[in-house]
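Residue-level structural notes
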Amino acid sequence: MKLLLTNDGSHTLKVEELNETYHSRHGAIQESRHVFIKNGFRFMLGKNPRKPVRIFELGLGTGLNALLTAIESRKLSVPVEYTCVEPYPVPEAIIGQLNFSEIINLPTVKDHFMQIHSVSWDQMNRIHPFFRFRKIETTIEKFNTSAGYFHLAYYDAFAPNKQPEVWQRDVFQKVYRFLSNESALVTYCAQGQVKRDLKAAGFIVQSLQGPPGKKEMTRGLKGQSS
Ligand SMILES: C[S@@+](CC[C@H](N)C(=O)[O-])C[C@H]1O[C@@H](n2cnc3c(N)ncnc32)[C@H](O)[C@@H]1O
């Protein structure tokens, strides 16, 4: 793994053997805020405020989406229960070099970031009064939970051409099953086949404006109209 600077000044990681980055090179923080916070978390709050909002993330990786969600939940005083899966945790030495806390520059952000990475796996941890967090060292393929449990899914896998197995219709069907009625899945990916497979899995598919530097992103709705 190699540390890279993206165009908004925030870091991302590059996996050399896949020739793939964890975030958009146009801006990691910018992309995460646009795709997951604005069009995922804030969208769901606007649609149907629930307490707590139960969020699932595919791929904790650098922890950027978890960190931004923790910040947002505190800012809005909205309780969040966040569960993510990650089969290949980023080594501690690399986590320590990521500059997200310096760029975001809010009190307690650094602590939250370090907590997200240092808490025990497989159990629910309290990061701050509004943010409960659980990370599970497994794959999306192996993960399971009760039907209808989550209100929102952050689908943040490596691109379909790099990791096709996690963009299959049967995986989307599984995520659809563990989402509640009136829920959503958001992803940076806007590929046609992914949208068709999301639709086949049951989602109402929306193409939304992408983050800076990317034309589109995708949101799948379950049990609600646009
Ligand atoms: C594009 S990166 C995004 C990571 C993270 N959301 C972030 O902001 O850094 C994709 C992540 O999915 C993880 N991953 C790879 N295969 C997976 C699988 N089968 N199930 C769940 N996560 C997987 C990778 O290890 C990586 O951390």
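You'll find the structure just up there.
Below you will find a few notes about this structure. The structure displayed is predicted, hence computed values, not measured ones.

Looking at the sheet that holds strand β6 (residues 125-128)
The strands that make up a sheet are held in pairs by hydrogen bonds between backbone atoms, and each pair lies either parallel or antiparallel. The strand order across the open sheet formed by eight strands is β6-β7-β5-β4-β8-β9-β11-β10, and the pairing between neighbours is mixed. Two strands close off the open sheet at either side, each with one partner strand: β6 and β10 (204-209). When strand polarity is set aside, the average angle formed by the axes of neighbouring strands in this sheet is 25 degrees. Bridge count between strand β8 (residues 150-155) and strand β9 (residues 179-187): four bridges; the pairing is parallel. Along β9, the bridge assignment pairs Tyr154 with Val186. Each of β9, β10 and β11 (216-222) is contacted by helix α7 (residues 192-200), which is oriented at about 145 degrees to β10, the strand it contacts most.

Considering the site of the ligand
Around the ligand sit 22 residues, and of these Gly59, Thr62, Glu86, Asp156 and Gln163 come closest. One of the backbone N or O atoms of Gly59 is found 2.7 Å from a nitrogen atom in the ligand. Listed by contribution, the elements that provide at least two residues to the shell around the ligand are β4 (53-58) and α2 (64-76). By residue class, the composition of the shell around the ligand is 11 nonpolar, seven polar and four charged.

Quick word on the side chain of Ser180
Residue position: Ser180 is located in strand β9. Residue classification places Ser180 among the buried positions, given a relative accessible area of 9%. Excluding anything up to four places from it in sequence, Ser180 contacts Arg50, Gly148, Phe150, His151 and Lys222.

Describing the packing of α2 against helix α5 (residues 109-118)
With their axes 10 Å apart at the nearest point, α2 and α5 run at an angle of 130 degrees to one another. Considered as vectors, α2 and α5 are oriented oblique to each other. Classified by chirality, the crossing of α5 by α2 is right-handed. Two secondary-structure elements touch here, α2 through Ala66, Leu67, Ile71 and Arg74 and α5 through Val109, His112, Phe113 and Ile116. Grouping the amino acids of the contact of α2 with α5 by side-chain chemistry returns six nonpolar, one polar and one charged.

Some words on helix α1 (residues 28-47)
Over its 20 residues, α1 runs 26 Å from end to end, which matches the ideal 28 Å to within 8%, given 1.5 Å per residue. Buried residues dominate α1, accounting for 14 of its 20 residues.

Looking at the packing of aromatic side chains
This structure, assessed with the given rule, holds 19 aromatic pairs. Taken together, a centroid distance of 5.5 Å and an interplanar angle of 45 degrees make the contact between Tyr82 and Phe131 tilted. Note that Tyr82 is positioned in strand β5 (residues 80-85) and Phe131 in strand β7 (residues 131-136), a separation of 49 residues in sequence. Overall, the relative accessible area of 0% leaves Tyr82 in the buried class. Residues Phe100 and Phe113 carry aromatic rings whose centres are separated by 5.8 Å and whose planes lie at 80 degrees to one another, so their mutual orientation is edge-to-face. Placement of the pair is Phe100 in helix α4 (residues 100-104) and Phe113 in helix α5, with a sequence separation of 13 residues. Note on accessibility: Phe100 and Phe113 belong to one class, buried. Chaining the aromatic ring pairs together yields one cluster made of Phe36, Tyr82, Phe131, Phe133 and Tyr154. Here the guanidinium or amino end of Arg54 rests over the ring plane of Tyr149, the centre of that ring lying 4.2 Å away.

A few points about α5
Among the residues of α5, those classed as buried are Val109, His112, Phe113, Ile116 and His117. Here the buried residues of α5 occupy an arc of 130 degrees about the axis, which is enough to place them on one side. For α5, the exposed residues set more than 90 degrees away from the buried face come down to Asp111 and Ser118. In the core, the buried residues of α5 are packed alongside α2, α3 (92-95), α4, β6 and β7.

Cut-offs applied
- Residues numbered from 1 in each chain as written.
- Predicted model: local features only at pLDDT ≥ 70, side-chain atom pairs only at ≥ 80, totals over all residues.
- Heavy atoms only, no water.
- Pairing = 2+ DSSP bridges.
- Helix = DSSP H or I, 4+ residues; strand = E, 2+ residues; numbered from the N terminus.
- Axes fitted to C-alpha atoms, helices over the stretch in contact; angles between N-to-C directions.
- Contact = heavy atoms within 4.5 Å.
- Near = heavy atom within 4 Å.
- Polar contact = N/O pair within 3.5 Å; in protein donor to acceptor, adjacent residues only side chain to side chain.
- Nonpolar A, V, L, I, M, F, W, Y, C, P; charged D, E, K, R; others polar.
- Buried < 20%, exposed > 50% of the residue type's maximum accessible area, 1.4 Å probe, protein only.
- Parallel < 35°, antiparallel > 145°, perpendicular 65-115°, else oblique.
- Left-handed = near helix turned anticlockwise from the far one by under 90°.
- Expected span 1.5 Å × (residues − 1).
- Phe/Tyr/Trp six-rings, centres within 6.5 Å; stacked < 30°, edge-to-face > 60°.
- Lys NZ or Arg CZ within 6 Å of the ring centre and 35° of its normal.
- Arc of directions from axis to C-beta.

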